[in-house]
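# Structural overview for review
Spelled out from the first residue to the last, the chains are:
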Amino acid sequence: MSTPFTATILGAPRIGPNRELKRAVERYWAGRIDRAALEEIAAGLRRDTLAELSRAGLDSVPVNTFSYYDQVLDTAVLLGALPARVSGVADDLDRYFAAARGTADIPPLEMTKWFDTNYHYIVPEIGPDTAFTLNPAKVLNELKEAQTQGISGRPVIVGPITFLALSKAVDGAAAPIERLGELLPLYVELLGRLADAGAQWVQIDEPVLVTDILDSGAELAEQVYTTLAGAAKRPAILVATYFGELGAALPALARTQIEGIAVDFVAGGDQPVSGLADKLLVAGIVDGRNIWRTNLETALARLGALVGSAKTVAVSTSCSTLHVPYSLEPESDLDDALRSWLAFGAEKVREVATLATAMRDGRDAVAAAFEASSAAVASRAQDPRLHNDSVRARLKEVLTGGISRGPAAERRKAQDARLSLPSLPTTTIGSFPQTVEIRKARAALVAGEIDEAQYTDQMKAEVETVIRLQEDLGLDVLVHGEPERNDMVQYFAEQLDGFFATKNGWVQSYGSRCVRPPVLFGDVTRRQPMTVEWARYAQTLTDKPVKGMLTGPVTILAWSFVRDDQPLADSANQVALAIRDETVDLQDAGIVIVQVDEPALRELLPLRNADKAAYLQWAVDAFRLSTSGVSDETQIHTHLCYSEFGEVIGAIADLDADVTSIEAARSHMEVLDDLNEIGFAGSVGPGVYDIHSPRVPSVEEMATSLRHALDAVPAERLWVNPDCGLKTRKTDEVTESLRNLVRAARLVRAG
Ligand code: GLN
Ligand code: ZN
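The structure presented is a predicted model; accordingly, all values stated were derived computationally and were not measured.

All told, the structure shown has five cavities of 30 Å³ or more when counted by the stated rule. Taken as a whole, the largest cavity encloses approximately 140 Å³ of empty space. Every element with two or more residues in the lining of the largest cavity is listed here: helix 2 (35–55), strand 2 (61–63) and helix 5 (137–148). Per element, the largest residue contribution to the lining of the largest cavity is four residues, and it comes from helix 2. Each residue belonging to the lining of the largest cavity can be placed in one class, and the counts come to eight nonpolar, three polar and four charged.

We now examine the UniProt feature "binding site: Zn(2+)" (unreviewed entry) in the protein. UniProt's entry tags His 639, Cys 641, Glu 663 and Cys 724 with the feature "binding site: Zn(2+)" (unreviewed entry), counted in the numbering of this structure. A maximum C-alpha distance of 8.4 Å places the annotated residues, which cover 86 residues in sequence, within one compact spot. Along the chain, Cys 641 falls in the loop between strand 19 (635–640) and helix 23 (649–654). Owing to a relative accessible area of 18%, Cys 641 belongs among the buried residues under this scheme. Excluding its chain neighbours within four sequence positions, the residues that come into contact with Cys 641 are Pro 599, Glu 663, Asp 723 and Cys 724.

All right, on to the packing of aromatic side chains then. Per the counting criterion, the structure on display carries 15 aromatic pairs. A centroid spacing of 5.0 Å and a plane angle of 85° characterise the contact between Phe 66 and Tyr 68, whose relative ring orientation is edge-to-face. Accessibility classification places Phe 66 together with Tyr 68 in one group, the buried group. Residues Phe 115 and Phe 243 carry aromatic rings whose centres are separated by 5.8 Å and whose planes lie at 50° to one another, so their mutual orientation is tilted. Of this pair, Phe 115 sits in the loop between strand 3 (111–113) and strand 4 (120–122) while Phe 243 sits in the loop between strand 9 (236–240) and helix 9 (249–254), placing them 128 residues apart in sequence. As far as burial versus exposure is concerned, Phe 115 and Phe 243 are alike and both buried. In this structure an aromatic cluster arises from ring pairing among Tyr 28, Trp 29, Phe 66, Tyr 68, Tyr 69, Tyr 96 and Phe 97. In this structure, Arg 19 packs its charged tip against the face of Trp 506, placed 3.7 Å from the ring centre. Note that Arg 101 overlies the ring of Trp 29, its terminal NZ or CZ placed 3.5 Å from the centroid.

What follows covers the UniProt feature "binding site: L-homocysteine" (unreviewed entry) in the protein. Taking the UniProt record as the reference, the feature "binding site: L-homocysteine" (unreviewed entry) is found at Ile 429, Gly 430, Ser 431, Glu 482 and Asp 597. Over a stretch of 169 residues, the named residues converge on one spot in the fold, their C-alpha atoms separated by at most 13.0 Å. Considering the arrangement of structural elements, one finds Ile 429 in the loop between helix 15 (408–419) and helix 16 (436–446). Residues contacting Ile 429, with those up to four places away along its chain left out, are Glu 482, Met 549, Gln 595, His 639, Ser 661, Asn 721, Pro 722, Asp 723, Cys 724 and Gly 725. Inspection of the secondary structure assignment puts Gly 430 in the loop between helix 15 and helix 16. Excluding its chain neighbours within four sequence positions, the residues that come into contact with Gly 430 are Val 479, Gly 481, Glu 482 and Met 549.

Residues in contact with ligand 1 amount to 13 residues; listed here are only the nearest, Ser 431, Glu 482, Asp 597, His 639 and Lys 727. Contact distances for ligand 1 include 2.7 Å between an oxygen atom and a side-chain N or O atom of Ser 431. A total of 300 Å² of accessible area belongs to ligand 1 in isolation, and the protein chains cover 94% of it. Residues of the shell around ligand 1, tallied by class, amount to six nonpolar, four polar and three charged.

What follows concerns the sheet that holds strand 18 (residues 593–597). Read from one edge of the open sheet, five strands run 17-18-19-20-21, paired in parallel fashion. The sheet terminates laterally at strand 17 (547–551) and strand 21 (683–686), the two strands that pair on one side only. Taking each pair of neighbouring strands and ignoring which way they run, the sheet shows an average axis angle of 20°. Direction of pairing for strand 18 relative to strand 19: parallel, over a ladder of five bridges. Each residue of the ladder has a partner; that of Asp 597, found in strand 19, is His 639.

Taken together, the side chains of Glu 670, Asp 673, Asp 674, Glu 677 and Asp 711 present a region of like negative charge at the surface. Top contributing element to the negative patch by residue count: helix 24 (residues 670–677), with four residues. Structurally, the position occupied by Glu 677 is in helix 24.

Right, let's get into the sheet that holds strand 8 (residues 201–205). Here eight strands make up an open sheet; going across it, the order is 1-12-11-10-9-8-6-2 and the pairing parallel. Looking at the sheet topology across the chains shown, the edges are occupied by strand 1 (7–8) and strand 2. Pairing between strand 9 and strand 10 (residues 260–264): three bridges, direction parallel. When the sheet's bridge partners are listed, Val 239 is paired in strand 10 with Ile 261. This element, helix 5, spans strand 2 and strand 6 (153–158) of the sheet and lies at about 160° to strand 6.

Here the focus is the coordination of the zinc ion (ligand 2). Taken together, His 639 (NE2), Cys 641 (SG) and Cys 724 (SG) make up the protein donors of the zinc ion (ligand 2), found 2.0 to 2.4 Å from the metal. Coordination geometry of the zinc ion (ligand 2): the four donor atoms subtend angles of 93 to 127° at the metal centre, consistent with an arrangement described as tetrahedral. The motif formed by the donor residues of the zinc ion (ligand 2), counted along the single chain, is H-x1-C-x82-C. Of this pair, His 639 sits in strand 19 while Cys 724 sits in the loop between helix 25 (699–712) and helix 26 (731–749), and the two are 85 residues apart along the sequence. With a relative accessible area of 3%, His 639 lands in the buried category.

Here the second largest pocket is characterised by a volume of approximately 960 Å³. Listing elements by their share of the lining of the second largest pocket, those giving two or more residues are helix 2, helix 3 (71–78), helix 4 (92–101), helix 5 and strand 6. Looking at side-chain class alone, the lining of the second largest pocket contains 21 nonpolar, 12 polar and 10 charged residues.

The rules we used
- Residues numbered from 1 in each chain as written.
- Chains lettered and ligands numbered in written order.
- Predicted model: local features only at pLDDT ≥ 70, side-chain atom pairs only at ≥ 80, totals over all residues.
- Heavy atoms only, no water.
- 1 Å grid on protein atoms, 1.4 Å probe; cavity = no way out; pocket = protein on both sides within 12 Å on 5 of 7 lines; lining within 4 Å.
- Points joined across faces, edges and corners; volume = space filled by probe spheres on them.
- Helix = DSSP H or I, 4+ residues; strand = E, 2+ residues; numbered from the N terminus.
- Nonpolar A, V, L, I, M, F, W, Y, C, P; charged D, E, K, R; others polar.
- UniProt positions renumbered as here; feature names shortened; annotations may be inferred.
- Buried < 20%, exposed > 50% of the residue type's maximum accessible area, 1.4 Å probe, protein only.
- Contact = heavy atoms within 4.5 Å.
- Phe/Tyr/Trp six-rings, centres within 6.5 Å; stacked < 30°, edge-to-face > 60°.
- Lys NZ or Arg CZ within 6 Å of the ring centre and 35° of its normal.
- Near = heavy atom within 4 Å.
- Polar contact = N/O pair within 3.5 Å; in protein donor to acceptor, adjacent residues only side chain to side chain.
- Areas by Shrake-Rupley, 256 points an atom, 1.4 Å probe, with all protein chains shown as cover.
- Pairing = 2+ DSSP bridges.
- Axes fitted to C-alpha atoms, helices over the stretch in contact; angles between N-to-C directions.
- Patch = residues over 30% accessible without salt bridge, like charges linked within 9 Å, V, L, I, M, F, W, Y side chains within 5 Å.
- Salt bridge = Lys/Arg side-chain N within 4 Å of Asp/Glu carboxyl O.
- Lys, Arg positive; Asp, Glu negative; His and termini not counted.
- Charge placed at Lys NZ, Arg CZ, Asp CG, Glu CD.
- Donors = N, O, S within 2.8 Å, 3.2 Å for Na, K, Ca; no water.
- Tetrahedral: all angles 85-135°; square planar, octahedral: opposite > 155°, others 65-115°.

Shown next, in the form of structure tokens:
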């Protein structure tokens, strides 16, 4: 029925090699270009991507992996599942963007992380009134575009199980997954339309099958794909899974009449495959989400071992290359060795093609590529930067000494005596608005228009402004405002040996937002103090305590590309040691409060329940390693910002911070009850000001939140602060909001 293929990837980046789509979309939002102009840019990017993939030697090319915002939102459109509140927006593209970003009167859909990646998808809402209907225009159009280019594209769509498992029930509706039966006829209809349009294959993504999100994923997979495979008219079906081991879902899918299964042999390891005698196995052997060059010899050996377990074996990336930068080509600053260890999106496509050629024609047909790969592997293994004995020895020594601080109650006593803060102390999370002037100064520094000294002077002036503002407002614990930080991870990565920053390594985070994760490649050492001068300077400007601000080890790893040659826990400890040294230096410089942010604590939580405890153990230990070097008199704060703390709530207590500030303005303080339930005894600052919104909260509403909080937490353990850092807000908003926040605290203090 179908011709098997030999080389593919599961999806490609779409932001454009130089973030062309980001710029075009943002110009469209700002009303500076019209829809036709935006569509032309988008079509050009799709054309280039297709041409490049097919030129590189893929014999099956994914289509419909383009998106103006997000592929899950695209699927909601495909299935007619946009919420009623956007239906009044006449233009379909504007309706789509309204769902993604909201408008003045329409709140947007929520956004959350796509499995354990840093990509965020839009969470579809399924209510009692959601009536599914098929809108296949986008996927049919993108298929046709490929055909016009002479490429037989393989449409990619999010599968029904994954779509519903990731959706959210609203307005009292039952769990979305219960509506699977209603969706299947739409998928059957879609398969027919794709077949009519000439698609040979369709790729249906079901990454949810590698998680424990559903209790009965394997059974559902068997039912759904038995039904879809039974469609009267359809292309060959490839069910794509990625991000982990398939487990019971693999034999379940194998029992259905689908033609192919994509399996992730990178994140999922050497998982057993069997029962595929009549199927195509798409072997995800080239890592789609990390940036290391593939060891072609090992990969070919693994592929060889898979031949025989399926009718045919194709080579693929483990997942969409959406998660890595476009190409290594612009990275001219890297030394040759470093560069030779890496493969970004374009290089990964070539690796796939090389491996497929080697499978077909033998290794010698592509001997040069194999030799280059082996040379890179050898160079990386021998590079002295990967192994720093003195760091490793010090780490061992510190760990032997233990990572506990004194008993929490004694610490509290010592800190209270030293700080003599009012009850319900007020503070912020660290950053103040990154103003246009700050961003201009940073750009001018990069462009060489001002020198380091001029830049520093300007940032110092900014620190002074922020300190004065906080004093005027009457905040109790001040911050320097973080003007000098481009990003809370990159700032540290640039100052640590073992990391490098890319020039153009942009990756989509959500919508038009892109990030440039640093690369952790070697053993980590701190060259010198990283933040001390800023904190010390800020402290000279005020008698109130200034908090030192650091990013925690888990968050630094979560927002970087990490080395794959040692356990993540080992890398975390090395970063933690550097942060620990920084806390001690801050203390020695007279800083009495240090905050170590871990907003990403929940992000790295493994997808399988069985792996979660081990992760939380090392994550908590790394945090404690980074914060246990200071004396009991030094107050350690941490900050977490994820609304669903559920599975990590116990770990929050285990961090053993003196004060924990936590996002709560949107979740209405529920987190406090959760903390109480587990006997949390530390101080806590539930955010009373939602910084994700430009709205200025009133004194009364923040006072109400605080009184609410006091039902759950005694006054001596309650802090008053915003939800998160203020860097994305405008100075006027922040000033008014913080003024109200301080007033609210005073009001509640007065009883
Ligand atoms: N200290 C950081 C800030 O205030 C924390 C940011 C975060 O939680 N993401 O910006
Ligand atoms: Zn935050």
